[in-house]
Amino acid sequence: MAGSPALLLLLSLGLCCTSAQGQRNTMEARFFNRTMKHPQEGQRLELECPPYNSDSSVSWVRQGKDGKLHFIVYISVFSQTTYPGNAKTSSQFEGSKQGKSYRLVVKNFKAQDQGIYFCTSTINQVLHFSSGQPAFFPVTTAAPTTHTATTQSSQVTMKDNSQQGPDAAEHITSTATTQSSQVTTKDNSQQGPHAGISNKNTLNSICNIFLWVRVAGTGLLLLTAITITITHCQRPSSA
């Protein structure tokens, strides 16, 4: 239903005229179910409006979230209804007069039906404007799930560490020592037979050095003895 700035101006003028004549606005648009706070989507919503005079006609209008006024239905004193486009019926709304109260039914409350509902009445060429009845879905707030999950995870970690106590520290130290020993053993085992061969070669080299020193010393002694013998034999005898 399209918004009507002219209707808003007409309502404002009606309020001004009512105030100027010193009349008190007693019209009230309200939920028929007084305990209702917020309508639910898909719900059948019923509102009522008791006018100044039960012999006067009433119109229902809605102010949307954009601030525009939308005409819903005109209800005569004989309970005859007129909807937008001069239609006699509506698939979404139902207007009627029951006793001294004028009713409006939203058959299937949807998001586009949210707003503030008013009823208006013209008496003695003066437009009377009721108080508004807000009709909006209940406001829901999302819970901070991320922060809660992080906090719970931290609490579980701290609880696990506290339950382990000093035994956990000893277990960690023992595990580290065992792993270090395993690494050392692994390093030695990785050297394999080459380490034994290297040590054997070193010992053989030392023995060979000592053997050659002894052989050289013996040879030097033999050479010295031969030299002395030859020299002694070559001397002439003193006969």
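Preceding this section is the structure that the text describes.
All of the points below concern the structure found in this document. (Residues numbered from 1 in each chain as written. Predicted model: local features only at pLDDT ≥ 70, side-chain atom pairs only at ≥ 80, totals over all residues. Heavy atoms only, no water.)

1. Points about the state of the cysteines
Here's step 1: For the structure on display, the rule yields one disulfide.
Here's step 2: Covalently, Cys 49 is tied to Cys 119 through a disulfide, its sulfur atoms 1.8 Å apart. On the sign convention where negative is left-handed, the bridge of Cys 49 and Cys 119, at about 65° about the S-S bond, is right-handed. Separated by 70 residues along the polypeptide, Cys 49 in strand β2 (residues 45–49) and Cys 119 in strand β8 (residues 115–123) bring together distant segments of the chain. The pair formed by Cys 49 and Cys 119 is uniform in burial state, with each residue classed as buried. (Disulfide = S-S within 2.5 Å. Helix = DSSP H or I, 4+ residues; strand = E, 2+ residues; numbered from the N terminus. Buried < 20%, exposed > 50% of the residue type's maximum accessible area, 1.4 Å probe, protein only.)

2. Regarding the pattern of salt bridges
Here's step 1: Inspection of the entire model under this criterion finds five salt bridges.
Here's step 2: Between Glu 48 and Arg 30 there is a salt bridge, with its nearest N and O atoms 2.9 Å apart. Of the two residues, Glu 48 is situated in strand β2 and Arg 30 in strand β1 (residues 30–31); the sequence distance between them amounts to 18 residues. For the residue pair Glu 48 and Arg 30, the accessibility class agrees, reading buried in each case. (Salt bridge = Lys/Arg side-chain N within 4 Å of Asp/Glu carboxyl O.)

3. Considering the sheet that holds strand β6 (residues 93–98)
Here's step 1: The antiparallel open sheet is built from four strands, whose spatial order is β1-β2-β7-β6. What marks the edges here is a single partner per strand, and that holds for β1 and β6.
Here's step 2: Two elements, β2 and strand β7 (residues 101–106), share five bridges in a ladder whose sense is antiparallel. Directly across from Leu 47, in β7, lies its bridge partner Leu 104. (Pairing = 2+ DSSP bridges.)

4. Let's talk about the nonpolar core
Here's step 1: Counting residues in each nonpolar core, the largest one holds 21 residues, and the members touching the most others are Leu 45, Trp 60, Leu 104 and Tyr 117.
Here's step 2: Once residues lying within four places of it in the same chain are set aside, the contact partners of Leu 104 are Leu 45, Glu 46, Leu 47, Trp 60, Ile 72, Val 73, Phe 93, Glu 94 and Tyr 117. (Core = buried A, V, L, I, M, F, W, Y, C linked by side-chain atoms within 4.5 Å. Contact = heavy atoms within 4.5 Å.)

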